[in-house]
Structure formats: C-alpha cells, structure tokens
Amino acid sequence: MDQYNKIALKQILLPIRTTKTFSYLSQNDKLSEGDLVEVEFGKQNLIGMVTAQPAEDVKNPEKLKYISKKLPYKFTNNFINFIYKASDYNICEHGLVLKSCIANLSGGSRDVEIEEENLLPPINTTLSQPQENALNSILSSHNPILLEGVTGSGKTELYCYAIYETIKNNGQALILLPEIILATQISERIATIFGKEKITNWHSGISQANKRIIWKNIINGKIKLIIGARSALFLPFLNLKIIVVDEEHDTSFKQEESIIYNARDMAVLRAHEEKCKVILSSATPSLESHLNALSGKYSKVPLEKRFGKSKLPEIKIIDMRQNTSSRFSWISNDLISAINETLYIKKQSMLFLNRKGYAPLSVCLNCGYKEKCPNCSFSLAFYKSSNTLKCHYCNYCSNEKSTFCKHCSNIKIQLRGVGIEKIEEEARILFPSARIISLDSSTISTHKKAQRLIADISEKKFDIIIGTQVIAKGLDFESIHLVGIIQADPYSHDCDIRGIEKSYQLLNQISGRAGRKEQQGIVLMQSYNPTNPLLIKALFNKEQFLEEELNDRKESYMPPFSRLISINASAKNEEKLINYMNELRDAAQNIDILGPSPTNRIRQRYRYRIIVQSTKGLSTQKSVKNWINSVKKPSSIQLSIDVDPYNFL
Ligand SMILES: Nc1ncnc2c1ncn2[C@@H]1O[C@H](COP(=O)(O)OP(=O)(O)OP(=O)(O)O)[C@@H](O)[C@H]1O
Ligand SMILES: [Zn+2]
C-alpha cells in the first residue's frame, strides 16, 4: 500500500443515473470538493465532480484509474448542496441532477470570454408610489417573496428594478418564465431597460456551442442576467443573488421527464441554498404559495391596482343556452357584436379556447364508438388543416379519416366538440375582412417565430388573435380591447385535484390581456352554466374562492396541506405490471398509499399508479425510496417517481 500514500483517493460523482460515487486516484492532492474532473468510465470519458466523501476502502487499489484531467471549473458549496437537496427532494439520483448541471460542458470547447459589464444604464421609467413601496418591501425582505398583483399592475416592471439593484451590486440574476412567447416578449422589454447585449436567454433552442459559452461565462460570474426556461435553474452561477419566477402558478414549470421536478419549488430551494432573494410573481398564485404566504413562510407583497390609468376589464358572462340563432355557431351573437365593435374602433380582439385542432372527437352516430389512438387510450382529434386525426399524447397521426365506423361499419360519423381551427373557420366567415391569426404551441415553437408574432401583433397586423393557453400568459399588448373566452365553464376533473384551481388561474390570466393601457377592456365569457357559483366566485370574488378551495383541500387532506408522491409504472405486458405493483403495495409499511390503479395506456404501454399521501417533510422521501428499493423491479417495467404530481392522466 505504501506507494499509494502520496497519492490521494477521491470519490467522484458521475453524471449517470446513480447516487453512488466512484473511486479514482489523483496525484494532485489539491483537488477538493466541487472541482470538475475528467475520468475514464468504462469506455467513455465523463466529466465528474469531486465530492467530500471519505475515500472508500478499495480491495484492489492497483486496478483503480487515475483522474485523467482537472478542469478549470469548480462548483460552489451552495450549488453542491442544491444538487444534493434537489435530488433528495425529488427522489432522484444525485448523478442525474449533476448531469443536468454539466450537460453542456462536454464536446469541443472554444473559450469565448465575454466582456464583464457591471454598470447598467439607468432605468428610464419611474415607479408609481405603490410600486415604490413594493420595491422597498422586496429589497428588505429575507423570506421568499410572493409578489401578488392584479394583471397589468406592473409586476414585471417592478421585478426589473429589483434585478437592477442586484446587478448594480455585482450579483447575478435569473428570471424563469413558463412559455417561449412570454420569454421572448419579456426579454425584449428588459432589453429596453438594460440593453440587449446584457441579456442572455437560455432555452432548448440554443445551440450546444452557445450553451457551452454561456455556461462558462456563468460559472466565472461574467454573465449577469439569464432569462430562461426551467433548466436554467441548473446553471452553475458563481454569485446568484436573485431569482424571479414569473407566473409562478403555471403548471408548465413542472418538468415531467428525466428529472421530475417543479421549477418553482426548486427555485425556492436554490435561493435558500444560495442565500439569495427569490420572487414568485403572479396575479393568481398557486394555492401552495398562497398558503405559504398565509402562514408567514413567504412575505406577500401586494399590488392592488393596475398601473397608471389602466383599469381592470369589465367582465360579462354570456349564457350560451340562449344562443339559438338559426345556424349554430361557437361564437355567440353577443361576442360577434363585440368583435364588430372592436374592429370598428380599430382595436384587437383575442379569442381563447384551450383546444388544438378542429374537433376533439369523431363519434359514430350509430354505436357511439369514438375513434381512438391505436397506441394510447385517448380519442383522436381531427385537424382540418392537414385532414388528419392526431393523438396529442404520442404524436400518432392517421391520414385516413375514416368514412365509416371501425366498430359497426355505419357511415354516419360526426365530429364533436370544438378546437381553435373550427373557431378560426367560423371567424373567417363571420368577419371576412378582418385579419385573423390562430396560435398554439406548434405555431410558436421557436424564439424566432415568437419574435415575429409579437412584432406582428404589436404592429396591429392582425385584428383577431385566436389561441390556446400560449396566448393567456403574461403577454402585454397595448391594443387588445376585447377578450372572448369560448368555453369558460370551470373544468373539474375527478382525478385532477387542481382542476378548479387551474380554471380559475386561466380565466383570470386570459382576462388580464384586455385593455392594458388607457381604455378599459371587455371580457366576454361564454358559458353553458352561467350561474355556476364556482365560475362567479372565480371571477368576482377571488378571496372567497380561494378560501373555499383551501378549505376543501384541508378537509380532504390534499396538497398544499399534505404531500402526494405518485409512483408511476408502465410496461407492455399488463400482467407483469400488475404483479409488480401488487408486490409494491404489499411491501408498503408505515406508508399511506392509494392504489395501485390503472391509468391511461400511452405509447403501447400500460400504466399503473400508486399514490403516497403523507405529511410534508423530507422523511417521506426517504421512506419511499427505501420502500421502492425493497422490491425487485423487472427490467421491462419503467418506473418514475413524481413528488408533488400535477398530472393525473
Ligand atoms: N413604472 C412604470 N412606468 C411606466 N409604465 C409602466 C410602469 N409599470 C408598469 N408599466 C406598464 O404597465 C403595463 C403593465 O405592466 P406589467 O406588464 O409589468 O404588469 P404585470 O403585473 O406584470 O402584468 P401581468 O400579470 O398581466 O403579467 C405595461 O405595459 C408596463 O409597461
Ligand atoms: Zn397515441
């Protein structure tokens, strides 16, 4: 053993699906925790992180490999703690989280140093008195901040000031946004404040080479402001001082693949580890954040009125049962008149429907058979533009629209329900001279496309903008006067605990796009159940709505009062899957579980779920991990653990 005395043994965490560390030899005894190194692992070269774990007892030290190379990068202690805690919270392997922190490092490296610029040009707007007060509260608070202000109250403007203060003091800042079109618009807005060259965007559309450049200039502290999608949370900031999560209630902050996590919650964790400020901003906060503010864990900073002369729009509910014109239309007479008036005053209208395609169902009028996806247990939606039937879950696409029922051969097939293609078709007939555009996630797939669209809408190249939820969030267009909601009835789904909450958020968000500058806007909500107390409260009595929804959750011991963890397993062979899930159920000790129960089949795989319901606190994650590990899983079964699940399909 003597020859190894001068040589250090290091435990390296590798970017692979395990929490285990691996022993490597090092001739460089200066290596310490957080240093990034390159090592040979099997036939691959991997980048790993030196951990503080004590060297393991190695049986055959002569077989160990040397660390190939020390890289000039070191993770801070705060960041390392975040990596470990984020893994433990989400019950996922430390190596997998490490992977998302260094994914952009390997590959040919070109070192591009950017100029460090500390001094920012002064912001060219002035805050209103309420904004000024809110800024002071934000700057002096040590808790996470819930910035809750009605739509158009100037939250975005305000958090820019908070960021400005941070960067002035040489800190780094991160803004997380839920949607590409919103990220694009906010980047452009912030560019007018800080200058274009001082903003860096981070999202899936950025090339690997550029990602590497950005990564290197974040770890060296030169890049000061990142505007990004949720993956930006795993960037190795040197001196992160503020994180903003805009539209914090938005469910697209939940990542459902690879590492399953909620970026909002991980932002709060990261801020805690970095000892930095975190602002959660929303007009309709999640019940989780709402409760945290009530309990004093978060500091609530309110903005009660719209900025300047702007007023919140007038909201009217339209009774669709009265909509009995000779030719049925999804756009009611009242909405038609309002659109015509808006066209007349040369303002824009926005029509919202949260459904892609032309019709969600095609149904046989004889036997009721609904055309289904061959790979999933979902119905196929009809797209008239491409004359295809599509599955929204597996991208299955059939070019043959059946002219007869696959079940009973009847030829009477009816398209049921409504999607935005159908609304567009109707609008083009009803308003033949209007310039109309229809938007969904597939039309706004890149920043370039989003940029073009934002410019076109701002320059009033369109009179009527039809869209799904991509147009609902945070967007700020001056000329939108009218918002029409095609189906406003709150969606309640037995198996989605947040169904009602999500409807409330969406209705208020989309309403908030109307009349954001001087003239008061109008919102028309079409409903088949216009006296539904839930709808009325969600729109006109938010305090009561929140109180009751919170009470319901409390009584049923659901989040935010308890913690749910969903154990999802899938396999092609259903019997094997059931056996495995039953074994898991039988092995559960001192854990409250519901299930296993079947959920929808997707991509030819059967799926079953067990839900764990527990108190909050990290001990649950530990027991769940031990429990899952105690049952041997056949390799044909895929297992994923979803802490705080949002998707119950
Ligand atoms: N201090 C200010 N000076 C000038 N204009 C302002 C100021 N604050 C807000 N505004 C303007 O008021 C409008 C609404 O502000 P902002 O978009 O920041 O609101 P918001 O609260 O983020 O809205 P939403 O919740 O809908 O995203 C914007 O057009 C913005 O430019
Ligand atoms: Zn499918």
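Residues numbered from 1 in each chain as written. Chains lettered and ligands numbered in written order. Predicted model: local features only at pLDDT ≥ 70, side-chain atom pairs only at ≥ 80, totals over all residues. Heavy atoms only, no water.

Going by an unreviewed UniProt entry, the chain carries the name Replication restart protein PriA and comes from Candidatus Cyrtobacter comes. The record in UniProt for the chain states the following under Function (unreviewed entry): "Initiates the restart of stalled replication forks, which reloads the replicative helicase on sites other than the origin of replication. Recognizes and binds to abandoned replication forks and remodels them to uncover a helicase loading site. Promotes assembly of the primosome at these replication forks." UniProt, in the comment section headed Sequence similarities (unreviewed entry), describes the chain in these words: "Belongs to the helicase family. PriA subfamily." (UniProt positions renumbered as here; feature names shortened; annotations may be inferred.)

A. Representation of the pairing of strand β4 (residues 44-50) within the structure. Within β4, five of the seven residues are buried, which leaves the element mostly enclosed by the surrounding structure. Bridge count for strand β1 (residues 8-13) against β4 is two bridges, and the pairing is antiparallel. When the bridges of β4 are listed, Ile-12 appears paired with Val-50. Judged from the six bridges that link them, strand β3 (residues 35-41) and β4 form a sheet pairing that is antiparallel. Within β4, the residue paired with Glu-38 across the bridge is Ile-47. In this antiparallel pair of consecutive strands, β3 and β4, the connection spans two residues, and Gly-42 shows a positive phi of 60°. (Buried < 20%, exposed > 50% of the residue type's maximum accessible area, 1.4 Å probe, protein only. Helix = DSSP H or I, 4+ residues; strand = E, 2+ residues; numbered from the N terminus. Pairing = 2+ DSSP bridges.)

B. Representation of the coordination of the zinc ion (ligand 2) in the model. Around the zinc ion (ligand 2), the protein contributes the donor atoms Cys-373 (SG), Cys-376 (SG), Cys-391 (SG) and Cys-394 (SG), at 2.2 to 2.3 Å from the metal centre. Viewed at the metal, the four donor atoms of the zinc ion (ligand 2) are separated by angles of 105 to 113°, and the geometry they form is tetrahedral. (Donors = N, O, S within 2.8 Å, 3.2 Å for Na, K, Ca; no water. Tetrahedral: all angles 85-135°; square planar, octahedral: opposite > 155°, others 65-115°.)

C. The site of ligand 1, seen in detail. In the vicinity of ligand 1 lie 20 residues, with Lys-155, Thr-156, Arg-189, Asp-476 and Arg-516 positioned nearest. One of the backbone nitrogen or oxygen atoms of Gly-154 is found 3.0 Å away from an oxygen atom of ligand 1. Separating an oxygen atom of ligand 1 from a backbone N or O atom of Glu-157 is a distance of 3.2 Å. Here ligand 1 has 630 Å² of accessible area as a free molecule, and 90% of this is covered by the chains. A total of three residues in the shell around ligand 1 trace back to one element, the largest contributor, which is helix α4 (residues 155-168). Here the residues of the shell around ligand 1 are counted per class, giving three nonpolar, nine polar and eight charged. Taken domain by domain, the makeup of the shell around ligand 1 includes at least three residues from each of domain 2 (129-303) and domain 3 (314-355 + 418-551). (Near = heavy atom within 4 Å. Polar contact = N/O pair within 3.5 Å; in protein donor to acceptor, adjacent residues only side chain to side chain. Areas by Shrake-Rupley, 256 points an atom, 1.4 Å probe, with all protein chains shown as cover. Nonpolar A, V, L, I, M, F, W, Y, C, P; charged D, E, K, R; others polar. Domains from an automatic or database assignment.)

D. Just the sheet that holds strand β23 (residues 464-467), in detail. Strand order in the open sheet made by the six strands is β15-β25-β24-β16-β23-β22, with parallel pairing throughout. Of all the strands in the sheet, the pair left with one neighbour each is β15 (314-319) and β22 (436-439). Shown here is a sheet whose adjacent strand axes are inclined to one another by a mean of 20°, direction ignored. The pairing of strand β16 (residues 348-352) with β23 spans four bridges and is classified as parallel. The residue of β23 that forms the bridge with Met-350 is Ile-465. This element, helix α9 (residues 333-344), spans β15, β16, β23, β24 (480-485) and β25 (522-527) of the sheet and lies at about 165° to β24. Lying over the sheet, helix α13 (residues 533-540) contacts β15 and β25, oriented at roughly 165° with respect to β15. (Axes fitted to C-alpha atoms, helices over the stretch in contact; angles between N-to-C directions. Contact = heavy atoms within 4.5 Å.)

E. How the structure looks around the packing of α13 against helix α14 (residues 542-555). At a closest axis distance of 6 Å, the pairing of α13 and α14 adopts a crossing angle of 125°. Classified by the angle their axes make, α13 and α14 are oblique. In contact with Leu-534, Lys-537, Ala-538, Leu-539 and Phe-540 of α13, α14 contributes Lys-542, Gln-544, Phe-545 and Glu-548. Across the contact of α13 with α14, the residue classes tally to five nonpolar, one polar and three charged. (Parallel < 35°, antiparallel > 145°, perpendicular 65-115°, else oblique.)

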